[in-house]
Amino acid sequence: MEEKYERISEFLESCNALMECDYRMAGGKIREILQKIARSRELTELFTAVTKGFHYAAARRDYLRYPAAPGTSRGVAYLPAERKDVLAFVFCLMVEFDAGTMELDDFLLRYFYVDGSYTASFLVFTDRVVKPFRDIVADCFPALSKAEPHADAPAEDVFACVPQMLSAERSRISVYALGEEGEAAAALLFGGLSSAAEKRDADAFMAVLAGYKYFLRAFSIEESRELFAFAASL
């Protein structure tokens, strides 16, 4: 493998290490990811391009909602709908964590709260934020995946578009006042959809989507044409 792809592969491995580590080790793993970016010309150029013109302060207001709704004590986090903005947003978050201008522990319990557990909250954070970030970078370098094919990879992955669709769907419904219980239900449903898509389990995906359909009706929210059109194609 060429040296440039070795650098990118090392970056992806660092993302995997962050997703698999104890949350108390996350600071060092995030620093490693940023170092891998700095050591790769291709990754440096990629993140220079996606952050050019990206307004991080405005993105924080749009995608980090605290409180999630009036009267609640928790926040909710979303990812941008555009893939390039996902890269810019998560990269800027990591820079803040590394610089110490944002404490990861506080961030986890504020935006990814799970029963007051840092470990559980960190797992949700890595699944919803770090994993899409890693996957989008990998998609930017298709030659890398050709060089190292996965033996069990399907010829056409119909679920590859799901993370982006779910991110857009979260942003779409974020303008509605769901209340604390509604926010919790939405998080559970999105987690189920994401898990089913990750496992490439069409039956499970359709089952959770049926529940999501009733959720939308309960809050008088119009169905997403894109998401349900995708489901119809399965």
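Everything that follows concerns the structure shown earlier in this document.
Attention in this report is confined to the structure presented alongside it. Just so it is clear, the model here is predicted, and its values are computed rather than measured.

Here is a general trend for soluble globular proteins: nonpolar side chains tend to be buried in one another's company. In this structure, Phe47, Phe107 and Phe125 are the most contacted members of the largest nonpolar core, which totals 51 residues. Only helix H1 (3-20), helix H2 (26-39), helix H3 (41-51), helix H4 (56-63), strand S2 (76-77), helix H5 (83-99), helix H6 (104-111) and helix H7 (118-139) provide two or more residues apiece to this core. Among the elements that make up this core, the one with the highest residue count is H5 (10 residues). Among all residues touching phenylalanine 47, those that are not within four sequence positions of it are Ile37, Leu87, Phe91, Phe133 and Val137. Counting residues in each nonpolar core, the second largest holds 22 residues, with Val162, Met165, Ile173 and Leu216 among its members.

This next bit is on unusual backbone geometry. At the junction of tyrosine 66 and proline 67, the peptide bond is cis and its omega measures out at -5 degrees in the coordinates. Mapped onto the elements, proline 67 comes out in the loop between strand S1 (64-65) and S2. Located in the positive-phi region is arginine 200, a residue other than glycine, with phi close to 60 degrees. Structurally, the position occupied by arginine 200 is in the loop between helix H10 (179-198) and helix H11 (202-218).

With that out of the way, let us pick up H1. The end-to-end C-alpha separation of H1 is 26 Å, in line with the 26 Å expected for 18 residues at 1.5 Å each. The complete set of buried residues in H1 reads Tyr5, Ile8, Ser9, Phe11, Leu12, Ser14, Cys15, Leu18 and Met19.

Right, let's talk about the packing of H3 against H5 for a bit. Between H3 and H5, whose axes approach to 8 Å, the crossing angle comes to 100 degrees. One way to sum up the angle between H3 and H5 is to call them roughly perpendicular. Contact residues: Leu46, Phe47, Val50 and Thr51 in H3; Lys84, Leu87, Ala88 and Phe91 in H5. Looking at side-chain class alone, the contact of H3 with H5 contains 6 nonpolar, 1 polar and 1 charged residues.

We now examine the layout of surface pockets. Quantified by volume, the second largest pocket comes out at close to 710 Å³. Residue lining of the second largest pocket: 31 residues in total, with Tyr113, Arg128, Glu183, Ala184 and Ala187 positioned closest to the centre. Every element with two or more residues in the lining of the second largest pocket is listed here: S2, H6, H7, helix H9 (162-173) and H10. In terms of residues, the lining of the second largest pocket owes the most to one element, H10, which gives 10 residues. Here the residues of the lining of the second largest pocket are counted per class, giving 17 nonpolar, 5 polar and 9 charged.

So, how was this worked out
- Residues numbered from 1 in each chain as written.
- Predicted model: local features only at pLDDT ≥ 70, side-chain atom pairs only at ≥ 80, totals over all residues.
- Heavy atoms only, no water.
- Core = buried A, V, L, I, M, F, W, Y, C linked by side-chain atoms within 4.5 Å.
- Buried < 20%, exposed > 50% of the residue type's maximum accessible area, 1.4 Å probe, protein only.
- Helix = DSSP H or I, 4+ residues; strand = E, 2+ residues; numbered from the N terminus.
- Contact = heavy atoms within 4.5 Å.
- Expected span 1.5 Å × (residues − 1).
- Axes fitted to C-alpha atoms, helices over the stretch in contact; angles between N-to-C directions.
- Parallel < 35°, antiparallel > 145°, perpendicular 65-115°, else oblique.
- Nonpolar A, V, L, I, M, F, W, Y, C, P; charged D, E, K, R; others polar.
- 1 Å grid on protein atoms, 1.4 Å probe; cavity = no way out; pocket = protein on both sides within 12 Å on 5 of 7 lines; lining within 4 Å.
- Points joined across faces, edges and corners; volume = space filled by probe spheres on them.

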